[in-house]
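# Reading the structure
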Amino acid sequence: MSEILISGANIEGEQVADIAIKDEKIVAVGPDAASYLEDPERIDGSGLIALPGLVDLHTHLREPGQENFETVRTGSQAAAMGGYTCVHAMANTTPVADDAPVVEQVQALGDEAGYVQVRPVGAVSAGLRGEHMAALGAMATCKSKVRVFSDDGKCVHDALLMRHALEYVRAYDGVVAQHAQDPELTEGAQMNESALSDELGLKGWPGVAEESIIARDVMLAELTKSRLHVCHLSTARSVELVRWAKERGINVTAEVTPHHLYLTEEEARSYDPLYKVNPPLRSAADVEAVRAGLEDGTIDIVGTDHAPHPIEDKDCDWQSGAFGMTGLETALPVVIDTMVNTGRLTWGQVAQVLSKTPAKIGRVADQGQDIASGSFANVTLVDPTIVRKVDPSSQKSMSTNTPFVGRELPGQIKYTLYRGKMTVRDGKLVNFN
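Basis of the calculations
Residues numbered from 1 in each chain as written. Predicted model: local features only at pLDDT ≥ 70, side-chain atom pairs only at ≥ 80, totals over all residues. Heavy atoms only, no water. UniProt positions renumbered as here; feature names shortened; annotations may be inferred. Pairing = 2+ DSSP bridges. Helix = DSSP H or I, 4+ residues; strand = E, 2+ residues; numbered from the N terminus. Disulfide = S-S within 2.5 Å. 1 Å grid on protein atoms, 1.4 Å probe; cavity = no way out; pocket = protein on both sides within 12 Å on 5 of 7 lines; lining within 4 Å. Points joined across faces, edges and corners; volume = space filled by probe spheres on them. Nonpolar A, V, L, I, M, F, W, Y, C, P; charged D, E, K, R; others polar. Phe/Tyr/Trp six-rings, centres within 6.5 Å; stacked < 30°, edge-to-face > 60°. Buried < 20%, exposed > 50% of the residue type's maximum accessible area, 1.4 Å probe, protein only. Lys NZ or Arg CZ within 6 Å of the ring centre and 35° of its normal. Domains from an automatic or database assignment. Contact = heavy atoms within 4.5 Å. Buried area = accessible area lost by both parts, 1.4 Å probe. Polar contact = N/O pair within 3.5 Å; in protein donor to acceptor, adjacent residues only side chain to side chain. Axes fitted to C-alpha atoms, helices over the stretch in contact; angles between N-to-C directions. Core = buried A, V, L, I, M, F, W, Y, C linked by side-chain atoms within 4.5 Å. Right-handed = clockwise from strand over helix to strand, strands pointing away.

As named in an unreviewed UniProt entry, the protein is Dihydroorotase, taken from Winkia neuii BV029A5. As stated in UniProt under Pathway (unreviewed entry), the record for the protein gives "Pyrimidine metabolism; UMP biosynthesis via de novo pathway; (S)-dihydroorotate from bicarbonate: step 3/3." According to UniProt, the comment filed for the protein under the heading Sequence similarities (unreviewed entry) is "Belongs to the metallo-dependent hydrolases superfamily. DHOase family. Class I DHOase subfamily."

Written out as structure tokens, the structure reads:
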């Protein structure tokens, strides 16, 4: 039987208390917590913020098929170092996670690694080809009980297919997570369409390519009375569309990535493919709009869109470079920098957007719980006062394509506990298998 006593931690910035953990559960919170334990391992929580273990609804773990990018194990380790206890693994693997055997393989790899709960995401269309529906029912009813379906990396562009998918997942209380990108409006596009793209000679990616798909899909969600989730929202008008849909009572949720909260299209001036991402980095006005949307609740969650790539995919000219950035190990520091330290979010709201709400959207009942007696001991302890320079060589992801390299960000994960098991101790990964 394992026992851990966390003393004097600041729970969601609202209550300084001791936390008693026995095996997988929290057994007591408060001044008498120590009395529930016999001989616990002790963690000094003084000065640390205690959050429910973070939950990512949008992670690319690349396995099976792209193990030179990332593996479920290395991605799980990166997630733990970022304070995560659950990640949703996107379906664009090789083979595609479009049927029960592949999603069960991904979950089994996550269970074997043991650092976080890995929830597989099922593809919407067979092979991500956008032609025929994948085996949604088989994935929803298999051992993995998939509840999030997405062709992320590609848009479900066919309106009839999208309608049928929304109707089908409703029976399983599932959600379709849409990569909103009209492929015809973005063919060959390289960066945000603006005066800057003209200046740099890079083909522009118009915001309407995202916004038109969101507009269509919220109407389809209203028609089907099903759940829609908008991945990596990036423009001011996209925020307005989601706000309008919510005002109408449409069952839509949305996410923003850390990089769209922090970085602007100005990074493209460097022609460094580290800043090449889908959707592209947008204008300063768009960044302000997504921050405001996260602050007022129009945007529900922060999803990392952790997209690892090998060095050769980024150590090249801009047009040859791959789209994507890593994000698991820097997400919370970016949120602290852009939203907490600016007074736009409280720590309680951080717990909502990085843990409780993504767990709810993904229907993961044992994650995103309050730090309270009876809850599973998924806990992240962060020191918000530590400021560190981002160094890809010290990160646990196999890939080094972080856009924050060399930047100073606040907040260090000191401890991560997944079901009472310490995966990060005093800022270092625990190697337990």
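After that view of the structure, there is still more to cover.
## Side note on the sheet that holds strand E13 (residues 227-230)
If you walk across this open sheet you meet the five strands as E9-E10-E13-E14-E15, and the pairing is parallel. The open sheet has two edge strands, strand E9 (148-149) and strand E15 (301-302), and neither has a second partner. Sheet topology note: the strand E10 (residues 175-178)/E13 ladder contains four bridges and is parallel. Opposite Ala-177, over in E13, you have His-229 as the bridge partner.

## Comments concerning the state of the cysteines
Note on terminology: disulfide describes a covalent bond linking the sulfur atoms of two cysteines. Inspection of the entire model under this criterion finds zero disulfides. Here Cys-86 is not cross-linked by a disulfide; its sulfur's nearest cysteine counterpart is in Cys-231, at 15 Å. Cys-155 carries a free sulfur, and the closest cysteine sulfur to it, the one in Cys-231, is 10 Å from it.

## Some thoughts on empty space enclosed by the protein
Tallied over the full model, the rule gives four cavities of 30 Å³ or more. Its boundaries defined by the atoms lining it, the largest cavity holds a volume of some 70 Å³. Of the residues contributing to the lining of the largest cavity, the split by class is eight nonpolar, two polar and three charged.

## As for the packing of aromatic side chains
Applying the stated criterion to the full structure yields three aromatic pairs. Here Tyr-168 and Tyr-172 contribute two aromatic rings whose centre-to-centre distance is 6.1 Å and whose plane-to-plane angle is 35 degrees, an arrangement assigned as tilted. A residue is classified by how much of its surface remains accessible, and Tyr-172, at 25% relative accessible area, is partly exposed. On the numbers, 5.2 Å between centres and 85 degrees between planes, the contact of Tyr-262 with Phe-404 is edge-to-face. Of the two residues, Tyr-262 is situated in helix H8 (residues 258-262) and Phe-404 in the loop between strand E16 (379-389) and strand E17 (408-418); the sequence distance between them amounts to 142 residues. Taking the relative accessible area as the measure of exposure, Phe-404 reaches 1% and is therefore buried. The side chain of Lys-25 reaches across the aromatic face of Phe-376, ending 4.8 Å from its centre. When the ring centre of Phe-376 is taken as reference, the NZ or CZ atom of Arg-419 above it lies at 4.1 Å.

## Thoughts on the pairing of E16
As paired strands, strand E5 (residues 49-52) and E16 are joined by four bridges and run antiparallel to one another. Bridge assignment links Pro-52 to a residue of E16, and that residue is Val-379. As paired elements, E16 and E17 share eight bridges and run antiparallel to each other. Note that in E17 the partner of Asp-383 across the bridge is Gln-412.

## Structural notes on the domain arrangement of the protein
You can read the domains of the protein as domain 1 (1-47 + 372-427) and domain 2 (52-360). Measuring from the centre of the C-alpha atoms in domain 1 to the corresponding centre in domain 2 gives 26 Å. Taken together, the contact pairs 32 residues of domain 1 with 50 residues of domain 2. Three residues, Glu-12, Met-398 and Asn-401, lead the burial of domain 1 against domain 2; their summed loss comes to 20% of the area buried on that side. Counting across the domain 1 and domain 2 interface gives 18 residue pairs in polar contact (both at pLDDT 80 or more). Those elements giving two or more residues to the side of domain 1 that touches domain 2 turn out to be E16, E17 and strand E18 (421-425). In terms of residue count, the dominant contributor to the side of domain 1 that touches domain 2 is E17 (seven residues). The residue inventory of the side of domain 1 that touches domain 2, partitioned by class, reads 14 nonpolar, 13 polar and five charged.

## Let's talk about the UniProt feature "binding site: Zn(2+) 2" (unreviewed entry) in the protein
Per the UniProt record, the feature "binding site: Zn(2+) 2" (unreviewed entry) sits at Asp-152, His-179 and His-232. Across 81 residues, the annotated set stays spatially compact, with a maximum C-alpha separation of 9.9 Å. Inspection of the secondary structure assignment puts Asp-152 in the loop between E9 and helix H4 (159-170). Once residues within four sequence positions are removed from consideration, Asp-152 is found in contact with His-58, His-60, Met-90, Asn-92, His-179, Cys-231, His-232 and Asp-305. Looking at Asp-152, its side chain comes within polar contact range of the side chain of His-58, at 2.8 Å. Position of His-179 among the secondary structure elements: in the loop between E10 and strand E11 (191-192). Discounting chain neighbours no more than four positions away, the residues touching His-179 are Asp-152, Gly-153, Lys-154, Cys-155, His-232 and Asn-278.

## Brief notes about the sheet that holds strand E8 (residues 117-120)
As summarised here, the arrangement of the three strands in space is E6-E7-E8, forming an open sheet in which the pairing is parallel. If you trace the sheet from one side to the other, it starts and ends with strand E6 (54-59) and E8, each paired once. Neighbour to neighbour, the strand axes of the sheet diverge by 20 degrees on average, direction disregarded.

## What to know about the nonpolar core
Grouped burial of nonpolar side chains is what soluble globular proteins tend to show. Core analysis: the largest hydrophobic core is formed by 74 residues, its most contacted members being Leu-51, Leu-294, Leu-332, Val-350 and Leu-354. Non-local contacts of Leu-294, meaning those with residues more than four positions away in its chain, are made with Val-256, Leu-261, Ile-299, Ile-301, Val-302, Met-339, Leu-345 and Val-353.

## Focus on the pairing of E6
Counting buried positions along E6 gives six out of six residues, so the element sits mostly inside the fold. The pairing of E6 with strand E7 (residues 84-89) spans four bridges and is classified as parallel. Each residue of the ladder has a partner; that of Leu-54, found in E7, is Tyr-84. Taken together, E6, helix H1 (residues 72-81) and E7 constitute a β-α-β crossover, and its handedness is right-handed.

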